[in-house]
Amino acid sequence: MTSHETPLFYDDLEGTRLEAWKLLTRGVADRRSAFHTPTIATVGLEGAPRLRTVVLRAAEPSARLLRFHTDARSGKVAEIARDPRVGVHVYDARSKIQVRLDGVARVHPWSAPRAQASWEASRPQSRAGYAQAPAPGVVISAPHEGDVREGEGVENFNIVEVEVTAIEWLYLFHAGHRRARFVWEGERLQGEWRASWLAP
Ligand SMILES: Cc1cc2nc3c(=O)[nH]c(=O)nc-3n(C[C@H](O)[C@H](O)[C@H](O)COP(=O)(O)O)c2cc1C
């Protein structure tokens, strides 16, 4: 798609929702895609927003799930335990598409079968990150103290699954921007997306 061609999803609500999931799904494998490294927002322990970049490890449209890996000792794990509501943000400057998601996060410890499968699929370099001796975010007296690695640190490995409950789309286009919102209505396993166009 060149920047002047009107994409098929342009005036198509259902097509827009499918495009959002397609970009997320592609972002898992495509390291150059902006969707590979979304920003995740949590509610901080003091109630202020907290943002950080993570690597998107899985996107499952039918289950409305996103998955990423993290360290059990990281601030976001404690924040999700206190309030599981999260926001996810991506802006892809090449396609001029912003996607914002609302979701509910659940942390799975390393011992959960789904976490074990993710650990086994992780590269040695990624595994070593979890063995870092001082916990992430603690104050250290010299920068190299954070370089310490002992073993692989599987016990610090957590996966976070985000159940997506709303999707907001913004597409910047010369002929007119398009903004849409999709809200999941119903139960976790059964429901439907309520879709609307919004004024950009
Ligand atoms: C490109 C990039 C990718 C990252 N991927 C992850 C990730 O997949 N998981 C993770 O926990 N932190 C990742 N980080 C580090 C986080 O942005 C953050 O600094 C760290 O997790 C601590 O966040 P917290 O204290 O809010 O929990 C990544 C950082 C960058 C710059």
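Residues numbered from 1 in each chain as written. Predicted model: local features only at pLDDT ≥ 70, side-chain atom pairs only at ≥ 80, totals over all residues. Heavy atoms only, no water.

A. Representation of the environment of Ile167 within the structure. Of note, Ile167 is situated in strand E7 (residues 157–171). The sequence separation of Ile167 and Val99 amounts to 68 residues, and the corresponding C-alpha distance is 7.0 Å. Excluding residues within four positions of it along the chain, Ile167 makes contact with Arg17, Ala20, Trp21, Val99, Arg100, Leu101, Ala180, Arg181, Phe182 and Trp193. (Helix = DSSP H or I, 4+ residues; strand = E, 2+ residues; numbered from the N terminus. Contact = heavy atoms within 4.5 Å.)

B. Quick look at the site of the ligand. Arg52, Thr53, Val54, Val55, His69, Thr70, Ser74, Gly75 and Lys76 make up every residue found near the ligand. In the model, an oxygen atom of the ligand is placed 2.7 Å from a nitrogen or oxygen of the Thr53 main chain. Residue Thr70 places a side-chain N or O atom 2.5 Å away from an oxygen atom belonging to the ligand. When isolated, the ligand has an accessible area of 620 Å², and the protein chains bury 57% of it. Among the elements of the structure, strand E2 (49–53), strand E4 (65–71) and helix H2 (75–82) are those that each provide at least two residues to the shell around the ligand. (Near = heavy atom within 4 Å. Polar contact = N/O pair within 3.5 Å; in protein donor to acceptor, adjacent residues only side chain to side chain. Areas by Shrake-Rupley, 256 points an atom, 1.4 Å probe, with all protein chains shown as cover.)

C. Structural detail: unusual backbone geometry. Phi is positive for Arg64, which is not a glycine, with a value near 55 degrees. For Arg64, the position within the fold is in the loop between strand E3 (58–60) and E4. For Arg64, a relative accessible area of 1% corresponds to the buried category. Of note, Lys96 is a non-glycine position whose phi angle comes to about 60 degrees, a positive value. You can see Lys96 is positioned in the loop between strand E5 (85–92) and strand E6 (97–108). For Lys96, a relative accessible area of 39% gives the class partly exposed. (Buried < 20%, exposed > 50% of the residue type's maximum accessible area, 1.4 Å probe, protein only.)

D. Main features of the packing of aromatic side chains. Under the criterion given, the structure shown has 9 aromatic pairs. Considering the side-chain rings of Phe9 and Trp169, the 5.3 Å spacing of their centres and the 85 degrees angle between planes classify their relative orientation as edge-to-face. Separated by 160 residues along the polypeptide, Phe9 in the segment before helix H1 (13–29) and Trp169 in strand E7 bring together distant segments of the chain. The same class applies to Phe9 and to Trp169, which are both buried. (Phe/Tyr/Trp six-rings, centres within 6.5 Å; stacked < 30°, edge-to-face > 60°.)

E. Spatial organisation of the environment of Pro7. Following the sequence through the fold, Pro7 ends up in the segment before H1. Under the relative-accessibility criterion, Pro7 is labelled buried at 8%.

F. Main features of helix H3 (residues 113–121). When H3 is considered as a whole, its buried residues turn out to be Ala115, Ser118 and Trp119. Viewed along the axis of H3, the buried residues span an arc of 100 degrees, placing them on a single side of the element. Facing away from the buried side of H3 by more than 90 degrees, the exposed set consists of Pro113, Glu120 and Ala121. Residues of H3 that are buried make contact with E4, E6, helix H4 (124–129) and E7. (Arc of directions from axis to C-beta.)

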